Amino acid sequence: MLLFGIAMMTLVAPFCSVHFLGSALTFMMTYVWGRRNEHARMSFLGVFSFRAPYLPWVMLAFSVLLGNPVTIDAIGILVGHTYYFLEYVYPVVADIRGWRLKRIMEPPRLLHLLCGTYQEPVHLHQD
């Protein structure tokens, strides 16, 4: 997730004149966490409560109230949404519709080997 976020933000940053993307990466991770934990209840400054998917938007509104530009936070939310769609939504849709390409975000085999998570594919022979 982090490598995807870093790569996408690095590609988008020159077009938006953004030099520091740490905040955008935080917004990306917050967006994905909120979408994955949609039933979690949150409270902002003890004033009002909301569910976790709205956390990035509440943070964005608070950031704007403090006078920060929307650009960096919006980049993080956009990249987070792209990651969430490609990792969690697209494989389900592809499986339902019978598309050949099921997982776009599958890490390369080399990365699996480096991290120690590689498993040989299992071939079932029918006799």
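What counts and how
Position numbers for residues count from 1 along each chain, tracking the sequence in the order it is written. Reporting of local features is limited, given that this is a predicted model, to residues whose pLDDT is at least 70; pairs of side-chain atoms are given and counted only at 80 or more, and all residues count toward the totals for whole chains, interfaces and linings. Hydrogens and waters are ignored; side-chain quantities use all the structure's heavy atoms. Numbering of helices and strands runs from the N terminus, with a helix taken as a DSSP run of H or I at least four residues long and a strand as a DSSP run of E at least two residues long. When we talk radius of gyration, it's over C-alpha atoms, and the globule rule is simply 2.2 Å times the number of residues to the 0.38. The rule is simple: take the accessible area with a 1.4 Å probe, protein chains only, and divide by the maximum for that residue type; under 20% is buried, over 50% is exposed, in between is partly exposed. In this analysis, two residues are considered to be in contact whenever any of their non-hydrogen atoms come within 4.5 Å of each other. Any two rings among Phe, Tyr and Trp, with Trp reduced to its six-membered ring, count as a pair given centres within 6.5 Å; such a pair is stacked if its planes are under 30 degrees apart, edge-to-face if over 60, and tilted if neither. Scored from 0 to 100, pLDDT reflects the predictor's confidence in each residue. In protein, a polar contact requires one atom able to donate a hydrogen and another able to accept it; more generally it is a pair of N or O atoms within 3.5 Å, and residues adjacent in sequence count only if both atoms are side-chain atoms.

Q: I tried to follow the overall build of the protein chain on my own but got confused; where do I start?
A: Regarding its fold elements, the protein chain presents five helices and two strands. The order of α-helices and β-strands along the protein chain, N terminus first, is α-α-β-β-α-α-α. Its C-alpha atoms give the protein chain a radius of gyration of 18 Å, more than 25% over the compact-globule value 14 Å for 127 residues. The C-alpha extent of the protein chain, read off along each of the three principal axes, is 65 × 35 × 30 Å. Looking at the 127 residues of the protein chain, the share that counts as buried comes to 30%. For the protein chain, contacts bridging at least 24 residues in sequence account for 44% of all contacts bridging at least 6.

Q: What is the right way to look at the packing of aromatic side chains in this model?
A: The relative placement of two aromatic rings is captured by the distance of their centres and the angle of their planes. Per the stated rule, a full pass over the model turns up seven aromatic pairs. Each ring, one from Phe-4 and one from Tyr-83, has its centre 5.7 Å from the other, and the planes form 45°; the classification is tilted. Taken together, the residues Phe-4 in helix H1 (residues 2-16) and Tyr-83 in helix H4 (residues 70-97) connect sequence positions 79 residues apart. Considered together, Phe-4 and Tyr-83 belong to a single accessibility category, that of buried residues. An angle of 50° between the planes, with centres 6.0 Å apart, marks the rings of Phe-44 and Phe-48 as tilted. For Phe-44, a relative accessible area of 18% translates into the label buried. Every member of this aromatic cluster is reached through a ring pair, and the members are Phe-4, Tyr-83, Tyr-84 and Tyr-88.

Q: How do you make sense of the confidence of the model for the protein chain when you look at a structure like this?
A: In low-pLDDT segments, the atomic positions of the prediction should not be examined closely. Scored by pLDDT, the protein chain comes out at a mean of 85, with 94% of its residues at no less than 70. Mean pLDDT across the elements of the protein chain ranges from a minimum in helix H5 (residues 109-115), with 80, to a maximum in helix H3 (residues 55-65), with 92.

Q: I'm lost on unusual backbone geometry in this one. Help?
A: Glycine aside, a negative phi is what most residues show, and trans is what most peptide bonds show. Positive phi, close to 55°, is recorded for Ser-17, a residue that is not glycine. Assignment of secondary structure puts Ser-17 in the loop between H1 and helix H2 (22-36). One non-glycine residue, Leu-45, lies in the positive phi region at around 55°. Leu-45 sits in the exposed class, given a relative accessible area of 63%.

Q: Looking at this structure, I do not really get the side chain of Glu-87. What am I missing?
A: Relative to the assigned elements, Glu-87 resides in helix H4. Only 3.2 Å separates the side chain of Glu-87 from the side chain of Arg-103, close enough to count as a polar contact. With residues near it in sequence (within four places) discarded, Glu-87 still touches Arg-103 and Met-105.

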